[in-house]
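Residues per chain are reported as follows:
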Amino acid sequence: MTITPPALSVFESLESEVRSYCRSWPAVFDRAQGARLTDEDGHSYLDFFAGAGSLNYGHNNPVLKRALIDYIERDGITHGLDMATTAKRAFLETFENVILRPRDLPYKVMFPGPTGTNAVESALKLARKVKGRESVVSFTNAFHGMSLGSLAVTGNAFKRAGAGIPLVHGTPMPFDNYFDGQVPDFLWFERLLEDQGSGLNKPAAVIVETVQGEGGINVARAEWLRALQDLCHRQDMLLIVDDIQMGCGRTGGFFSFEEAGIVPDIVTLSKSISGYGLPMSLCLFKGELDIWEPGEHNGTFRGNNPAFVTAAATLDAYWADGQMEKQTLARGQQVEQTLLAICGEEATAQFRGRGLVWGLEFTDPARASAVCARAFELGLLLETSGPQSEVVKLLPPLTITPEELDEGLRTLARSVRETTA
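Note that the structure is predicted; figures quoted are calculated from it, not measured. (Residues numbered from 1 in each chain as written. Predicted model: local features only at pLDDT ≥ 70, side-chain atom pairs only at ≥ 80, totals over all residues. Heavy atoms only, no water.)

J.: Can you tell me about a nonpolar patch on the surface, naming the residues and giving the values?
T.: Together, Y178, F179, V183 and L187 make up an exposed nonpolar region whose accessible area comes to about 360 Å². Inspection of the secondary structure puts Y178 in the loop between β6 (170-173) and α9 (187-194). Given a relative accessible area of 44%, Y178 falls into the partly exposed group. (Patch = residues over 30% accessible without salt bridge, like charges linked within 9 Å, V, L, I, M, F, W, Y side chains within 5 Å. Areas by Shrake-Rupley, 256 points an atom, 1.4 Å probe, with all protein chains shown as cover. Salt bridge = Lys/Arg side-chain N within 4 Å of Asp/Glu carboxyl O. Helix = DSSP H or I, 4+ residues; strand = E, 2+ residues; numbered from the N terminus. Buried < 20%, exposed > 50% of the residue type's maximum accessible area, 1.4 Å probe, protein only.)

As structure tokens, this is what we get:
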């Protein structure tokens, strides 16, 4: 397939230079269904990006679309602030019955705003309020959002520089395997906590991703996560798991931390929690942490009722019987076998991942961008991640068929071969 770049005049003349994804994919998209998008010229693209993890169940999923259309056609509440509505009640009851209760998770649910960074900001505020301390520890190569509080616990220097002011009250520590196994886990962190001369203010909390998506698909070991939880308990710090991209089934279980057997004090969710790509986020926390005063954290778009409708339909359709986790793990094995074969032929590449999030890293960072560019020419949407954009990131919908997944993986392999230096 040969794709001629479209005329992008209005985007280039009117839209801000801050736009990014459209630079990698010079097409004007018009329709989408399942794992495929179609541009206005009729070209079809297989989607291995899934809205940066916001479309775990594909584009315009028919089950969720039907629930949404029915709700809109009966004039259901669209905007509800934090008012009680039938749509919110249905979501909360379904979330409790399908997700929380079967996992014995003791969480209260907070609707902090429409986006992931809203959830992170509320988690940081709550942790500081509960503990009465300002400092929060994050990890190297972390990404937690683009608002100022979230940026303060984000590692990427380019994104941090966009703040324009000093980012304070955040302290970075080495993520799992940051020193290639040469340093015992948490040696530096624990030494600083125990040394009265270290200069480290006692943290209120630690925030972590179990798999760092934007940071390069860095996968934390289950034992590392368990040791982190133990350290937090011993040092009177809250453990926050940012599950915004890796939750909602991306790694297999609904929550990415389930495999490690930990129970974080606070969890943030967004992206695919609505199921349909509608803006929605949650901040979950243990009941004893719910010390908010009414209205102390607020937001106009906390009550996106159409998102409640599709979220409840998603849980009923995909999480009530336990099959989604099994399917995701099986699809993940399919990806792993292909990446193993690619790396067997390509000495400059290595891979890592869990479930249906995988990264293919190249020694030459420019190679990853070249692979993604060639994949686009062949009709496959891929993006890069990592501090130098050195990792090709695979994030297909969880509902992708084995045949579509195989098609995309063959295109990926071809793109790697055809960009060999």
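J.: Quick rundown of the pattern of salt bridges? Include the residues and the values.
T.: Inspection of every chain in the model, using the stated rule, returns 27 salt bridges. Between D406 and R410 there is a salt bridge, and its shortest N-O distance comes to 2.9 Å. Within this pair, D406 and its partner R410 are both found in helix α14 (residues 402-417), separated by 4 residues, close to a single helical turn. Judged by relative accessible area, D406 falls into the partly exposed class, the value being 33%. Bridged by salt links that share partners, the residues D176, D185, R221 and E223 form one connected network.

J.: Tell me about the sheet that holds strand β1 (residues 29-33), and name the residues and values.
T.: Spatially, the 4 strands line up as an open sheet ordered β1-β2-β3-β15, and their pairing is mixed. Looking at strand neighbours, the two that pair on one side only are β1 and β15 (380-381), the edges of this open sheet. Sheet topology places β1 next to strand β2 (residues 36-39); 4 bridges connect them, and they run antiparallel. When the sheet's bridge partners are listed, A32 is paired in β2 with L37. (Pairing = 2+ DSSP bridges.)

J.: If you had to explain helix α10 (residues 222-234) to someone new, which residues and values would you point to?
T.: Between its terminal C-alpha atoms α10 stretches 19 Å, which fits the 18 Å expected from 13 residues at 1.5 Å a residue. Where α10 is concerned, the buried positions are W224, L225, L228, Q229, L231 and C232. On an axial view of α10, the arc spanned by its buried residues comes to 160°, and they lie on one face. Those residues of α10 hidden inside the fold are in contact with β5 (136-139), α9, β7 (205-208) and β10 (238-242). Taken from the residues just after α10, D236 is the one with a positive phi, measuring 60°. (Expected span 1.5 Å × (residues − 1). Arc of directions from axis to C-beta. Contact = heavy atoms within 4.5 Å.)

J.: I'd like a description of the packing of helix α5 (residues 86-100) against helix α11 (residues 305-318), backed by residues and values.
T.: The packing of two helices is summarised by the inter-axis angle and the distance between the axes. Between α5 and α11, the least distance of the axes is 8 Å, while the angle of their chain directions is 30°. Classified by the interaxial angle, the pair formed by α5 and α11 is roughly parallel. As α5 runs across α11, the sense of the crossing is left-handed. On α11, the residues that touch A87, K88, A90, F91, T94, F95, V98 and I99 of α5 are N305, F308, V309, A311, A312, L315 and D316. For the contact of α5 with α11, the per-class residue count stands at 11 nonpolar, 2 polar and 2 charged. (Axes fitted to C-alpha atoms, helices over the stretch in contact; angles between N-to-C directions. Parallel < 35°, antiparallel > 145°, perpendicular 65-115°, else oblique. Left-handed = near helix turned anticlockwise from the far one by under 90°. Nonpolar A, V, L, I, M, F, W, Y, C, P; charged D, E, K, R; others polar.)

J.: Can you explain helix α4 (residues 62-73)? Please cite residues and give values.
T.: Along its 12 residues, α4 runs 16 Å from first to last C-alpha, staying within 8% of the 16 Å computed at 1.5 Å per residue. Buried residues of α4: L64, L68 and Y71, and no others. Angular distribution of buried residues about the axis of α4 spans 65°; they occupy a single face of the element. Exposed and facing more than 90 degrees away from the buried side of α4 are P62 and E73. Those residues of α4 hidden inside the fold are in contact with α5 and α11. The distance from a side-chain oxygen at the start of α4 to the backbone nitrogen of V63 is 3.0 Å, and the residue carrying that oxygen is N61. Residue D75 follows α4 closely and has a positive phi angle near 65°. (Polar contact = N/O pair within 3.5 Å; in protein donor to acceptor, adjacent residues only side chain to side chain.)

J.: Can you explain the packing of aromatic side chains? Please cite residues and give values.
T.: Within this structure, the stated rule accounts for 20 aromatic pairs. A ring pair is formed by F111 and F308, whose centres lie 5.0 Å apart and whose planes are at 55°; its orientation type is tilted. With a gap of 197 residues between them, F111 in the loop between β4 (107-110) and α6 (116-131) and F308 in helix α11 connect regions that are remote in the sequence. You'll find F111 and F308 in the same group, each marked buried. Geometrically, the ring pair formed by Y178 and F179 is edge-to-face, given 5.3 Å between the ring centres and 80° between the ring planes. Of the aromatic side chains, those joined through ring pairs into one cluster are F91, F95, F111, F254, F255, F257, F308 and W319. (Phe/Tyr/Trp six-rings, centres within 6.5 Å; stacked < 30°, edge-to-face > 60°.)

J.: How would you summarise the sheet that holds β7 if you had to cite specific residues and measurements?
T.: The sheet built from 7 strands is open, its strands ordered β4-β12-β11-β10-β7-β5-β6 with mixed pairing. Each end of this open sheet is capped by a strand with a single partner; those strands are β4 and β6. Pairwise comparison of adjacent strand axes, ignoring direction, gives a mean angle of 25° for this sheet. Relative to β7, β5 runs parallel, the two sharing 2 bridges. Its bridge partner lying in β7, V136 is registered against A205. Strand contacts of α5: β4, β11 (266-269) and β12 (282-286), with the helix running at about 145° to β4, the strand carrying the most contacts.

Everything listed here is a matter of geometry and, on its own, says nothing about what the molecule does.
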